[in-house]
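# Structural description and commentary
One letter stands for each residue in the lines below.
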Amino acid sequence: MLGGGTFTSQNKKIPGAYINFVSAARADSALSERGIVAIGMSLNWGNDTGVFLVTKDDFIKKTVQIFGYDYSSDELKQLRELFKHATKAYLYRLNAGVKASNDFATAKYSGTRGNDLKIVISENADDSSKWDVSTYLGTALVDEQTKVVDATALKENDFVTFKTDATLTATVGTVLAGGTNGTVTGTQHQAFLSAVESSSFNILASDTSDAPTKALYAAFTKRMREELGVKFQTVLFGSASDYEGVINVKNSVELIPWVAGAEAGCEVNKSLTNMIYDGEYEITTSYTQSQLEDAIAAGELTFHKVGDGYRVLVDINSLITTSSEKGVEFKNNQTIRVLDQIGNDTAALFNEKYNGKIPNDASGRISLWNDLVSYYKELEGLRAIENFDAADIEVLKGTGKTDVVANSYVTPTNCMDKLYMTIIVQ
C-alpha cells in the first residue's frame, strides 16, 4: 500500500493520497442566551455555601427539595416573581445561619425551615432487630429508609444528614430545633458579588434598601462593564446612579425580582415599555401626569395603572446626564440590550474562534470581518438593528503583531412608544 494519512505540510516522500478531514471554522449564528439573572436573596432554606444555579424548570418541579416549600407557598412569592420571565437564576443565600438538629440528624442547610423537620423511628415489621427511619418536613414524608441496622447505615437525603454515632430508638417524631436565619449586612452582599463575578448573566439584582450597599452594586456594575468588558445591567430600588448600567425601579422594592426577570428575559428586538405586570403584588401607582413625566426625567423605571392592570411606563435606565459620547438613546434599555448583546457575543466569538488560533494576517482578518458581518445581518434580520451596511465594519491590523482592531457603526432599532397623528377634516 502506498503512502496515506493526514498531512501538516506538503513534505511527503511516498506517493499516495494524504487527506485531512477538518470542520470548517464558523461563527455560531445564534445569539447568546438571554433570561439569566444573578441575585442574592434572604431564604429560610437552601444552599448556603455559595452561588447555585436554578432553572425555571427546576423551580417549577423541585421547589421543596431546593427551597423547602411548595411552589405556591407565600415564602416563595419573590422567587415566583423572578421566574415569571427569567429562564435561569444564579442565586445566593445572603442570610446563612445555623442548622437545626436533634439527636439523630442535622439539617442539610441552615435556616428556620429546618425546625419543621422531624425524624420518626420504628421497629421494622418483618425484622424487629432493624429500624425504619422516616424524615418528615411538616406533615409530608420526604424520605424513608427501611430495615436499617444502625445509624451508620443511614444515607443523607435532600433534607438531613444523619449522625452516624447516634443510637437508634423508637420515636413517634423527634423534631429538629435551633435552626436560624443569619443577619444580612454589606459583608454578605460583598461575598455574593465576589462569588458571582465569574458567572455569565444578563441582569444582576438586589432588593436592598441600604444606600451604601446600593452604591456597592452600582460600583461593581460600572467596574465590570467598563474595566472588564462584561456587559450586564443591574436592577436596584431607588438608586439614582445616573448610569446606563443601572435600572432604577421607583414604585416598590418588592418589584425588583419581577423587573430583573423581565429585563433579563426581554429579547434584543423587544422592549418592556407598556408591558403588563403579571406578578402578584398590588402596586402603588397614585402618580399624576406631571409626576410620571418627572419620573422619566429622573431615570426611574415606573409602573402606572391602565384600566384594571399595571404597566411599565417606559423601559429606561438611570442615565440622566447625556454627552457627546452617550446621547439620549443610551437612556433606553432596548438600546443597551442591543449594545450589550453585541459586546458579549463578539467577545465570545473572538475568544472561541480566533484568540490564539487564527493567524493575524489578511486572510484571518477577512474571516473575522465575514463573521462580524454575518452576525450583524442576523441582528438586522431580527430587527434589533437597522440600516446595516457591510461597509460599516472594518477589521484592521493593530499596533502589535498579535493585535487586531475592529470598528463598526450600529443603529439599534427601538420599539414604537409615541404616536403623533394629525387628522385633517375637509
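Keep in mind that this is a model prediction, so the values were computed, not measured.

Rules used throughout
Residues numbered from 1 in each chain as written. Predicted model: local features only at pLDDT ≥ 70, side-chain atom pairs only at ≥ 80, totals over all residues. Heavy atoms only, no water. Helix = DSSP H or I, 4+ residues; strand = E, 2+ residues; numbered from the N terminus. Rg over C-alpha atoms; globule rule 2.2 N^0.38 Å. Buried < 20%, exposed > 50% of the residue type's maximum accessible area, 1.4 Å probe, protein only. Contact = heavy atoms within 4.5 Å. Areas by Shrake-Rupley, 256 points an atom, 1.4 Å probe, with all protein chains shown as cover. Lys, Arg positive; Asp, Glu negative; His and termini not counted. Charge placed at Lys NZ, Arg CZ, Asp CG, Glu CD. Pairing = 2+ DSSP bridges. Axes fitted to C-alpha atoms, helices over the stretch in contact; angles between N-to-C directions. Core = buried A, V, L, I, M, F, W, Y, C linked by side-chain atoms within 4.5 Å. Polar contact = N/O pair within 3.5 Å; in protein donor to acceptor, adjacent residues only side chain to side chain.

The next thing to look at is the overall build of the protein. Across its full length, the protein carries nine helices and 20 strands. Against the 2.2 N^0.38 benchmark of 22 Å for 426 residues, the protein shows a C-alpha radius of gyration of 28 Å, more extended than a compact globule. Its C-alpha atoms give the protein principal-axis dimensions of roughly 90 × 80 × 45 Å. Evaluated residue by residue, the protein yields a buried proportion of 41% over its 426 residues. Considering only residue pairs separated by 6 or more positions, the protein has 60% of its internal contacts joining residues 24 or more positions apart. Total accessible area on the protein is roughly 22,500 Å²; 50% of this is exposed by carbon and sulfur atoms. Charged side chains in the protein number 40 positive and 54 negative. The centres of these two groups are separated by 5 Å.

What follows is about the sheet that holds strand E10 (residues 140-148). Spatially, four strands are ordered E10-E9-E8-E12 in an open sheet, and the strand pairing comes out antiparallel. The sheet is open, and its two borders are formed by E10 and strand E12 (171-175), each paired with just one other strand. Averaged over all pairs of adjacent strands, the angle between strand axes in this sheet comes to 20°, irrespective of strand direction. As paired elements, strand E8 (residues 117-123) and E12 share three bridges and run antiparallel to each other. Its bridge partner lying in E12, Ile 119 is registered against Thr 174.

Quick look at the side chain of Thr 221 now. Position of Thr 221 relative to the elements: it lies in helix H5 (residues 211-226). Not counting chain neighbours up to four residues away, the residues in contact with Thr 221 comprise Leu 204, Phe 232, Thr 234, Tyr 243 and Gly 245.

Phe 67, Leu 79, Leu 82, Leu 91, Val 235 and Phe 303 are the most contacted members of the largest nonpolar core, which has 38 residues in total. A total of six residues in this core trace back to one element, the largest contributor, which is helix H6 (residues 256-265). Ignoring anything within four residues of it in the chain, the contact list for Leu 79 reads Met 41, Leu 43, Phe 59, Phe 67 and Leu 91. By size, the runner-up hydrophobic cluster in this structure holds 21 residues, among which are Ala 105, Ile 119, Val 160 and Ala 166.

Topologically, Asp 143 is positioned in strand E10. Separated by 3.0 Å, the side chains of Asp 143 and Asn 157 make a polar contact. Each residue touching Asp 143, except ones within four places of it in the same chain, is listed here: Val 133, Ser 134, Thr 135 and Asn 157.

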